[in-house]
Amino acid sequence: KIIVIDFGGQYNQLVARRVRECSVYCEIYSYKTDLEQIKAMNPMGIILTGGPDSCYEEGAASCSKELFELGIPVLGLCYGAQLMMHVLGGHVCKAPVREYGKIEVTVDKTSKLYGDVSEKTICWMSHNDYIEKAAPGFRIVAHTADCPVAAAECAEKKLYAIQYHPEVLHTQEGTKMLHNFLYEVCGCSGTWKMDAFVENSIRAIREKVGNGKVLCALSGGVDSSVAAVMLAKAVGDQLTCVFVDHGLLRKNEGDEVEEVFGPNGPYDLNFIRVNAQQRFYDKLAGVEEPEKKRKIIGEEFIRVFEEEAKKIGAVDFLVQGTIYPDVVESGLGGESAVIKSHHNVGGLPDYVDFKEIIEPLRDLFKDEVRKAGLELGIPEKLVYRQPFPGPGLGIRIIGEVTPEKVKMVQEADAIYREEIAKAGLDRSIGQYFAALTNMRSVGVMGDERTYDYAIALRAVNTIDFMTAEAAELPWEVIGRVSNRIVNEVQHVNRVLYDCTGKPPATIEFE
Ligand code: XMP
């Protein structure tokens, strides 16, 4: 595998994704990870990511010189490149000209990185510092008009430093460059394939579980469904799936989940539906703060599971559908700041009444989870279901959650989804939903003044849910949806369309 060492840059997950797209498995670790630990993993190569620091300043994120002496190929990107040069005796300082955006780079095609790359190629730059002088033993293999060292290499030691960002799609031949590093320099053979992952996971789960009893937290979303089916295939009826209806699901969703996973569905598992709506509403009463809401919902979930587990008797394992972006965004993997505490990770209380947690999808990105789902034979309809967050409508109602507000957002969302499907757009939009803003405003209905809520419509296109753009829905569709919502949903007199991308907004509202 490849190790990606995270220095806190914004594209770090992207680096990992690109590596996996080259059919090479990789994992992200913080720069604080012990060198011995990295050595023990015996990686085929190491990639140092970008980051916000200046490597020559006191307290900057750093790495030891020994990292470059292990004989393992290292590729430094942006900050990673500067750090490599700095540590090995080159000179990094504030650039006289700050480069940002698409810049033409001239490359030396004799470098292993650039064999099949055009001599002049557009790359994505984003840096304040620059490498003024490469470290001794390095040769410069790319430059731009303002940047004398856009890339440098010490081929003999397999060390490569790239100032720009090959992982960003704006770097037109970036994937080729990463591919070249992985295959030509590290000697990877591209064996990271989904069928093998699924097979290995099932085998590993079987070994780990033995005759143990397994309890699975099923939400009906893509992640937990894929996790549940994987577990069902691995351990059959040792698995009990508990589906908690927390009253924050989309309209009719509880029944739909029961249809698929319940006794009449295609899978051989024990299925229990817990109707815990009121418990959640009680706990959420009066709570407005998003992180608090997330924590409450996450914690209540675990409590409900504990209770179910006690009824079932001794349970050894708890399954969760955590996926890799959840892990990284919660600040547990890598260096990225905590943006939201994700339901499956950050909301976990300290005390959990199970022997161990199994998270079979912990290493996968969303699109990889879908591939795994198809590999497992899960119907496409379910696999391509749009993602739904663990805390559900709880984070699509800004501020306090009440049963009345849940109903409003459910109805509005159902109308939205129905119209999107009718317009044939349901498979082409990454994620779309209605949210209830906590805003009320003045309107007029008939001859009456109203003072009611505004519904926000969100639709985004995204590849990996780490970044997203607002989708351009046909005006006609938006018009129809908003007409129906104000007519059919009580206490809504206004519909707004969210045009913000991620960043700076997130996909969900809280
Ligand atoms: P954000 O709002 O962070 O959402 O841009 C990114 C993606 O993650 C989903 N999401 C969650 N999924 N538990 C989940 O399982 C959560 O707590 C959670 N919060 C957000 C969101 O729907 C989007 O697809």
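Residues numbered from 1 in each chain as written. Predicted model: local features only at pLDDT ≥ 70, side-chain atom pairs only at ≥ 80, totals over all residues.

Asks: Honestly, the overall build of the chain in this entry has me stumped. Any pointers?
Replies: The secondary structure content of the chain amounts to 14 helices and 18 strands. Each of the 510 residues in the chain was classed as buried or not, and the buried ones make up 45%. Pairs at least 24 residues apart make up 73% of the contacts formed inside the chain by residues separated by at least 6 positions. (Helix = DSSP H or I, 4+ residues; strand = E, 2+ residues; numbered from the N terminus. Buried ≥ 20, exposed ≤ 12 C-beta atoms within 10 Å, placed from the backbone. Contact = placed C-beta atoms within 7 Å.)

Asks: Looking at this structure, how should I read the sheet that holds strand S9 (residues 159-162)?
Replies: The strands making up a sheet associate through hydrogen bonds between their backbones, and the pairing can be parallel or antiparallel. Spatially, the nine strands line up as an open sheet ordered S2-S1-S3-S4-S9-S8-S7-S5-S6, and their pairing is mixed. With one partner strand each, in any of the chains shown, strand S2 (26-30) and strand S6 (120-133) form the two edges of the open sheet. Between one strand and the next, the sheet's axes are offset by a mean angle of 20°, whatever the strand orientation. Of the pairings in the sheet, the one linking strand S1 (residues 2-6) to S2 comprises five bridges and is parallel in character. Residue pairing across strands places Ile-2 opposite Cys-26, the latter belonging to S2. On top of the sheet, helix H4 (residues 174-185) reaches S1, strand S3 (45-48), strand S4 (74-77) and S9; it is set at about 155° to S3, its chief contact. (Pairing = 2+ DSSP bridges. Axes fitted to C-alpha atoms, helices over the stretch in contact; angles between N-to-C directions.)

Asks: What's the story with unusual backbone geometry in this structure? I'm lost.
Replies: In most cases, non-glycine residues show a negative phi, while peptide bonds are predominantly trans. Residue Pro-503 is reached from Lys-502 by a cis peptide bond, and omega for that bond is -15°. Cis peptide bonds are those with omega within 30 degrees of zero, and the linkage from Pro-503 to Pro-504 qualifies with 10°. By the secondary structure assignment, Pro-504 is in the segment after strand S18 (492-497). Its identity as a non-glycine residue notwithstanding, Asn-252 has a phi of 65°, on the positive side. Here Asn-252 is to be found in the loop between strand S11 (239-245) and helix H7 (253-261).

Asks: Would you explain the UniProt feature "binding site: ATP" (unreviewed entry) in the chain in this entry?
Replies: Within this structure's numbering, the places UniProt gives as "binding site: ATP" (unreviewed entry) are Ser-219, Gly-220, Gly-221, Val-222, Asp-223, Ser-224 and Ser-225. With respect to the helices, strands and loops of the structure, Ser-224 is situated in helix H6 (residues 222-235). On the basis of neighbour counts, which here come to 25 C-beta atoms within 10 Å, the residue Ser-224 falls in the buried class. Setting aside anything within four residues of it in sequence, one finds Ser-224 in contact with Ala-217, Leu-218, Ser-219 and Gly-321. Inspection of the secondary structure assignment puts Ser-225 in helix H6. For Ser-225, a count of 26 C-beta atoms within 10 Å translates into the label buried. (UniProt positions renumbered as here; feature names shortened; annotations may be inferred.)

Asks: Can you walk me through the confidence of the model for the chain in this structure?
Replies: Interpretation of the predicted coordinates at a detailed level should be avoided for regions scoring low in pLDDT. For the chain, mean pLDDT is 90; residues scoring 70 or higher make up 95% of the total. Note on residues 343-352: pLDDT is under 50 here. Beyond four places in sequence and across chains, it has 29 contacts. Here the complex is predicted with pTM 0.68, and the ipTM for its interfaces comes to 0.97. (pLDDT = per-residue confidence, 0-100.)

Asks: Which parts of the structure should I look at to understand helix H11 (residues 366-375)?
Replies: For an α-helix, 3.6 residues make a turn, and residues three or four places apart therefore share a direction. What H11 keeps buried is the set Lys-366, Glu-368, Val-369, Arg-370, Ala-372 and Gly-373. Among the residues trailing H11, Gly-377 stands out with phi positive, at a value near 85°.

Asks: Mind showing me how you'd approach helix H9 (residues 290-312) here?
Replies: Taking 1.5 Å per residue, 23 residues should reach 33 Å; H9 reaches 33 Å between its end C-alpha atoms and fits that length. Where H9 is concerned, the buried positions are Lys-293, Arg-294, Ile-297, Gly-298, Glu-300, Phe-301, Ile-302 and Phe-305. The secondary structure elements touched by the buried residues of H9 are strand S10 (214-218), S11, helix H8 (277-284) and strand S13 (317-319). Looking one or two places after H9, you find Gly-313, whose phi comes out positive at around 110°. (Expected span 1.5 Å × (residues − 1).)

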